[in-house]
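Observations on the model geometry
Single-letter residue listing:
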Amino acid sequence: MERILSGMRPTGYLHLGNYVGALKQWVYLQDSYECFYMVADLHAMTTDFDGNIDLRNLTVEMVIDWLACGIDPNRSVIFVQSMVPQHLELFTIFSMITPLGWLERNPTYKDAKENIKDKDLSNLGFLAYPVLQAADILVYKASKVPVGKDQLPHLEITREIVRRFNYFFGEVFPEPQPILGEVPHLYGIDGRKMSKSYNNAIYIKDSEEEIYKKIKMMVTDIGRARRSDPGNPDECKTFPLYKSFYQEVIPDVVYECTNAKIGCVECKDRIAKGVINFLKPIKERRSYYEKNRDEVIDILKEGAKRAKEVAEKTMEEVREVVKIKL
Ligand code: TRP
Ligand code: SF4
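The paragraphs below set out a description of the structure included in this document. (Residues numbered from 1 in each chain as written. Chains lettered and ligands numbered in written order. Predicted model: local features only at pLDDT ≥ 70, side-chain atom pairs only at ≥ 80, totals over all residues. Heavy atoms only, no water.)

1. A short note on the environment of V80
Here is the rule: The way it works is that DSSP assigns letters per residue, a run of H or I at least four long becomes a helix, a run of E at least two long becomes a strand, and they are numbered from the N terminus. Summary of the burial criterion: residues with accessible area below 20% of their type's maximum are buried, those above 50% are exposed, and those between are partly exposed, where the area comes from a 1.4 Å probe applied to protein chains only. We call two residues in contact when some of their heavy atoms are within 4.5 Å.
Locating V80 in the fold gives a position in strand β3 (residues 77-80). The exposure class of V80 is buried, given its relative accessible area of 5%. Separated by 17 residues in the primary sequence, V80 and V63 have C-alpha atoms spaced 9.6 Å apart. Look past the residues within four positions of V80 in its chain and what remains in contact with it is V39, D41, T59 and L300.

Following this line, the structure appears as structure tokens:
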């Protein structure tokens, strides 16, 4: 089986946007790939370096969501970046062959420097973010990387590092390819893109009441002023939730909406029920792991052990070609 690696920074609880944007794909990729799923706690530190967040706790909460959504520790290697020191060794070696210009030109770097004003991002680690990401991927020689569009510049830098390394030291690494899923765009309760930083998200761990309340607040088709006006699901900020989570036989919402056969209140009620039903088994597993956090920690220890075996093999080969360590 081909090997894939992907990672997420530990942001704590995951929301429905994270589910449809990444986790859902991670779950089904388990059927056809050997999967390595990593908590990028050191990447989180590139921007949160002042000790004000509890990375351990955020890590466990996020992994609980992963497990609840169907990431299966018997099939996939689930691990924490900081527990596999081989990433750091490879990062150091890659940092020797990575020209600063590649990093300074990195669009995600330039973007963050321009837009994030409440933090000082002039630290070395943040500039080197893509180099660490390259080490994450290549220490397992992963050939595919499921990522969102926003990560493509980082993957391109990974591929450039591969080419340069292989040019200097021989064909050691494969050039990894992205796996880009089709990602439905979910909106938050304020009509903007669902995002933790906008504080508008519906979380996997939210209670049924919270989910009802949040969906009630959501924007529909603003062109539909009266109940008797026909609506347009494509203009409705709630409809994407319906498409992503309603699992039963789909009543013809599009017909009902465009012909004013249903009111938005009633329609959103149905959407909320769909989301709640979808989340039911996920939440059951979530509360199991919430009560058995030791089991989660054991999974991560076992994951680190399996990850280290693979990573160490790559590093032996790397040390050999680089001619370090006697
Ligand atoms: N940078 C990724 C993100 O913010 C997380 C990440 C770290 C990652 N290392 C990775 C993703 C390796 C894919 C492969 O989403
Ligand atoms: Fe959206 Fe449903 Fe209202 Fe149509 S009827 S605008 S799909 S909430």
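2. Considering the site of ligand 2
Filter applied, for reference: Any residue with a heavy atom positioned within 4 Å of a molecule or strand is treated as near that molecule or strand. Residues were grouped as follows: Ala, Val, Leu, Ile, Met, Phe, Trp, Tyr, Cys and Pro as nonpolar; Asp, Glu, Lys and Arg as charged; and all remaining residues, including Gly, as polar.
In the vicinity of ligand 2, the residues found are T220, D221, R224, C236, F239, C257, C264, C267 and K268. With three residues, the single largest contributor to the shell around ligand 2 is helix α13 (residues 264-291). Broken down by class, the residue content of the shell around ligand 2 amounts to five nonpolar, one polar and three charged.

3. So, the packing of helix α10 (residues 208-217) against α13
The condition that has to hold: Only the stretch in contact is used when fitting a helix axis, every axis being a line fitted to C-alpha atoms; angles between N-to-C directions are given from 0 to 180 degrees. Whether a crossing is left-handed or right-handed is set by the direction in which the near helix is turned from the far one by less than a right angle, anticlockwise for left-handed and clockwise for right-handed.
Interhelical geometry of α10 versus α13 gives an angle of 145° and a closest axis separation of 10 Å. With respect to the hand of their crossing, α10 and α13 are arranged in right-handed fashion. Counted together, E208, I211, Y212, I215, K216 and M217 of α10 and K268, D269, A272, K273, V275, I276, L279, K280 and K283 of α13 form the full contact between these two elements. Of the residues belonging to the contact of α10 with α13, the class tally is eight nonpolar, no polar and seven charged.

4. Concerning the nonpolar core
Stated precisely, the cut-off is as follows: What is meant by a nonpolar core is a set of buried Ala, Val, Leu, Ile, Met, Phe, Trp, Tyr and Cys residues, joined one to another through side-chain atoms within 4.5 Å. Domain start and stop points were drawn from an automatic or database domain assignment.
In this structure, L16, L23, W66, L241 and F245 are the most contacted members of the largest nonpolar core, which totals 56 residues. Counting residues per element, this core draws most heavily on α13, which supplies nine residues. Both domain 1 (3-185 + 293-321) and domain 2 (208-286) contribute no fewer than three residues apiece to this core. With residues up to four places along the chain from it excluded, the contact list for F245 reads L16, Y19, V20, L186, G274, V275 and F278. Core analysis: the next-biggest nonpolar cluster, separate from the first, contains 43 residues, V77, L138, L155 and V318 among them.

5. Comments concerning the site of ligand 1
Spelled out, the test is: Throughout this description, a polar contact denotes any pair of N or O atoms lying within 3.5 Å of each other; where both atoms belong to protein, one of them has to be capable of donating a hydrogen while the other can accept it, and for residues adjacent in sequence the pair is counted only when both atoms sit in side chains. Computed by Shrake-Rupley with a 1.4 Å probe, the accessible areas treat only the displayed protein chains as cover when residues are assessed.
As a matter of local geometry, ligand 1 sits amid 14 residues, with R9, Y129, Q133, D136 and Q151 nearest to it. The side chain of Q133 places a nitrogen or oxygen atom 3.0 Å from a nitrogen atom of ligand 1. Between D136 and ligand 1, the recorded distance is 2.7 Å, taken from a side-chain N or O atom to a nitrogen atom. Burial of ligand 1 by the protein chains amounts to 93% of its free accessible area of 360 Å². Secondary-structure elements contributing two or more residues to the shell around ligand 1 are β1 (3-8) and α8 (129-138). With four residues, α8 is the single largest residue contributor to the shell around ligand 1. Partitioned by chemical class, the residues of the shell around ligand 1 number seven nonpolar, five polar and two charged.

6. Thoughts on the pattern of salt bridges
Under the convention used in this document: Within this document, salt bridges are pairs made up of a side-chain nitrogen of Lys or Arg and a carboxyl oxygen of Asp or Glu, the two lying within 4 Å of each other.
Within the structure shown, the criterion is met by 24 salt bridges. Taking the shortest distance from any N to any O, the salt bridge between R159 and E175 comes out at 3.5 Å. Of this pair, R159 sits in helix α9 (residues 152-169) while E175 sits in the loop between α9 and β5 (177-179), and the two are 16 residues apart along the sequence. Linking D190 and R192 is a salt bridge whose minimum nitrogen-to-oxygen distance equals 3.1 Å. Salt bridges sharing partners connect three or more residues here, namely E61, D65, R286, E290 and R293.

7. Details of α10
As a reminder of what qualifies: The arc in question is the one spanned by the directions pointing from the helix axis to the C-beta atoms.
Every buried residue of α10 is accounted for by I211, K214 and I215. Taken end-on, α10 shows its buried residues confined to a sector of 95°, consistent with a single buried face. α10 presents E209, K213, K216 and M217 as exposed residues on the side facing more than 90 degrees away from its buried surface. At its buried positions, α10 is contacted by α11 (239-245) and α13.

8. Quick look at the pairing of strand β2 (residues 34-39)
To keep things clear, this is the line we draw: Orient the strands so they point away from the viewer, and a crossover whose first-strand-to-second-strand path over the helix runs clockwise is right-handed. Two strands are counted as paired when DSSP detects at least two bridges linking them.
With five of six residues buried, β2 is to be regarded as a mostly interior element. Crossover connection from β1 via helix α1 (residues 16-29) to parallel β2: handedness right-handed. Of the strand pairs in this sheet, β2 and β3 are connected by four bridges, and their pairing is parallel. In the strand pairing of β3, V39 is matched with V80.

9. Brief notes about the packing of aromatic side chains
Using the following cut-off: Pairing of aromatic side chains requires ring centres within 6.5 Å, counting the rings of Phe and Tyr and the six-membered ring of Trp. Pairs whose planes differ by under 30 degrees are stacked, by over 60 edge-to-face, and all others tilted.
Within the structure shown, the criterion is met by 19 aromatic pairs. Ring geometry for Y167 and F168: centres 5.8 Å apart, planes at 50°, overall tilted. We classify Y167 as exposed; its relative accessible area is 69%. Given a relative accessible area of 42%, F168 falls into the partly exposed group. Taking 5.1 Å as the distance between ring centres and 80° as the angle between the ring planes, the aromatic pair formed by Y288 and Y289 counts as edge-to-face. A residue is classified by how much of its surface remains accessible, and Y289, at 12% relative accessible area, is buried.

Note that every value here comes from positions in space, so none of it alone points to a role or purpose.
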